[in-house]
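# A structural walkthrough
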Amino acid sequence: MVATVGHEHHRIRRGLLSSYFSRRALKKAELIIDQKVDRLLVRFHSAFKCHAVLPLQRVFAALAADIVSEYCYGASQGYLEQKVFQNQMVDAVNYVMSMCHINKSIPIIPKLLRCVPVGLMEKLGLQMADVIGVRNLIRRQAAKSLDKEWLSHDTNMLSKNVFDAIAAADVAPQEKTLRRLEEEGAALFGAGIETTARALTVAMFHLISDETMIRKLRDELKQVMLSPASRPTWAELEQLPYLV
């Protein structure tokens, strides 16, 4: 959708996904986010007890990747469960961004690398292995959604994931090819993981570094959180001036 040039074509593609990024859709997203944040807190508590140091960028990337993958595909990739927070998706995005100018000037490079077996690239330490690994993962998830031929775009949105919307029965055949779903999935991952992780990491750095700032945030949160275990909704949080 991001790279679709024609206005009408873009409108059609945007219409398929717009409901999944609306305020109404947040009800489903909140449940997913709460589950993943709970798991993240377990990891924080465990690290605190063991006096371990956590790389916040990798930690928040794992959180974002698990949320995005479950919301888009209906299945989390389990990055929050990994001991060292390895994240193939983030590594793939970073590699693509670092190589985009070179690949544009010398487009034969990525074409040649696609011919090399992933296992060999991993042994050689080539980061392109992460890119191909992620694309293969997205392709498998897209194929699963395409197999659900009974889906209709008019059914309950909360019972489906983003890929199901693109592959629904009433969507034009040319709009639900494997390549199309693969490209859309790559865009969603690229836009939703590294950006979120970086924002959370920078915010956490400043909160930890500035006692006045974190005290102000905690005082505001007490308005909607009577205890640390309280579950404020997004609607409640967005009313707090410091979080606007």
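Here, every reference points to the structure presented above.
Values in this document were obtained by computation on a predicted structure and should not be read as measured data.

## Focus on the overall build of the protein
Helix and strand counts for the protein come out as 12 helices and 0 strands. Mapped in sequence order, the helices and strands of the protein form the string α-α-α-α-α-α-α-α-α-α-α-α. Within the protein, the proportion of its 244 residues that are buried is 36%. Residue pairs at least 24 apart in sequence account for 58% of intrachain contacts in the protein once pairs closer than 6 positions are excluded. Counting every atom, the protein has about 14,800 Å² of accessible surface; 61% of that belongs to carbon and sulfur.

## As for the packing of helix α3 (residues 56-73) against helix α10 (residues 194-209)
It is the contact of α3 with α10, at a shortest axis distance of 8 Å, that shows an interaxial angle of 135 degrees. Here α10 runs oblique to α3, going by the angle between their axes. For the element pair α3 and α10, the recorded crossing hand is right-handed. Listed contacts from α10 to Leu56, Gln57, Phe60, Ala61, Leu63 and Ala64 of α3 are Glu194, Thr196, Ala197, Arg198, Leu200, Thr201 and Met204. For the contact of α3 with α10, the per-class residue count stands at 8 nonpolar, 3 polar and 2 charged.

## Focus on helix α1 (residues 7-17)
Along an α-helix, residues three or four apart share an orientation, since each turn contains 3.6 residues. When α1 is considered as a whole, its buried residues turn out to be Arg13, Leu16 and Leu17. One side of α1 carries all its buried residues, which in axial view fall inside an arc of 95 degrees. Taken together, the buried residues of α1 touch α8 (162-166) and α9 (178-192).

## Details of the pattern of salt bridges
Where charged atoms from two side chains of opposite charge come close, those side chains can pair. A complete count under the given rule lists 13 salt bridges for this structure. Between Arg231 and Asp38 there is a salt bridge, with its nearest N and O atoms 2.3 Å apart. Remark: Asp38 occurs in helix α2 (residues 26-50) and Arg231 occurs in the loop between α11 (211-221) and α12 (234-237); sequence separation between them is 193 residues. We classify Asp38 as partly exposed; its relative accessible area is 31%.

## Here we look at the nonpolar core
Counting 41 residues, the largest nonpolar core has Tyr71, Val162 and Ile193 as its most contacted members. Among the secondary structure elements, those contributing two or more residues to this core are α2, α3, α4 (88-105), α7 (128-146), α8 and α9. Considering each element in turn, this core owes the most residues, 12 residues, to α3.

## Concerning α2
Between the first and last C-alpha of α2 there are 35 Å, a value that for 25 residues agrees with the 36 Å anticipated at 1.5 Å per step. Those residues of α2 lying buried are Leu26, Lys28, Ala29, Glu30, Ile32, Lys36, Leu40, Arg43 and Ala47. Along its buried surface, α2 packs onto α3 and α12. Following α2 by one or two positions, His51 has its phi on the positive side, about 55 degrees.

## Looking at unusual backbone geometry
For His51, which is not glycine, the phi torsion reads 55 degrees and is therefore positive. Tracing the backbone through its elements, the reader meets His51 in the loop between α2 and α3.

## Some details on the packing of aromatic side chains
Scanning the entire structure with this criterion turns up 1 aromatic pair. Between Tyr20 and Tyr71, the ring centres sit 6.5 Å apart and the planes meet at 70 degrees, which makes this aromatic pair edge-to-face. Taken together, the residues span a long stretch of sequence, with Tyr20 in the loop between α1 and α2 and Tyr71 in helix α3 at a distance of 51 residues. Both residues of the pair, Tyr20 and Tyr71, belong to the buried class.

Rules behind the numbers
- Residues numbered from 1 in each chain as written.
- Predicted model: local features only at pLDDT ≥ 70, side-chain atom pairs only at ≥ 80, totals over all residues.
- Heavy atoms only, no water.
- Helix = DSSP H or I, 4+ residues; strand = E, 2+ residues; numbered from the N terminus.
- Buried < 20%, exposed > 50% of the residue type's maximum accessible area, 1.4 Å probe, protein only.
- Contact = heavy atoms within 4.5 Å.
- Areas by Shrake-Rupley, 256 points an atom, 1.4 Å probe, with all protein chains shown as cover.
- Axes fitted to C-alpha atoms, helices over the stretch in contact; angles between N-to-C directions.
- Parallel < 35°, antiparallel > 145°, perpendicular 65-115°, else oblique.
- Left-handed = near helix turned anticlockwise from the far one by under 90°.
- Nonpolar A, V, L, I, M, F, W, Y, C, P; charged D, E, K, R; others polar.
- Arc of directions from axis to C-beta.
- Salt bridge = Lys/Arg side-chain N within 4 Å of Asp/Glu carboxyl O.
- Core = buried A, V, L, I, M, F, W, Y, C linked by side-chain atoms within 4.5 Å.
- Expected span 1.5 Å × (residues − 1).
- Phe/Tyr/Trp six-rings, centres within 6.5 Å; stacked < 30°, edge-to-face > 60°.

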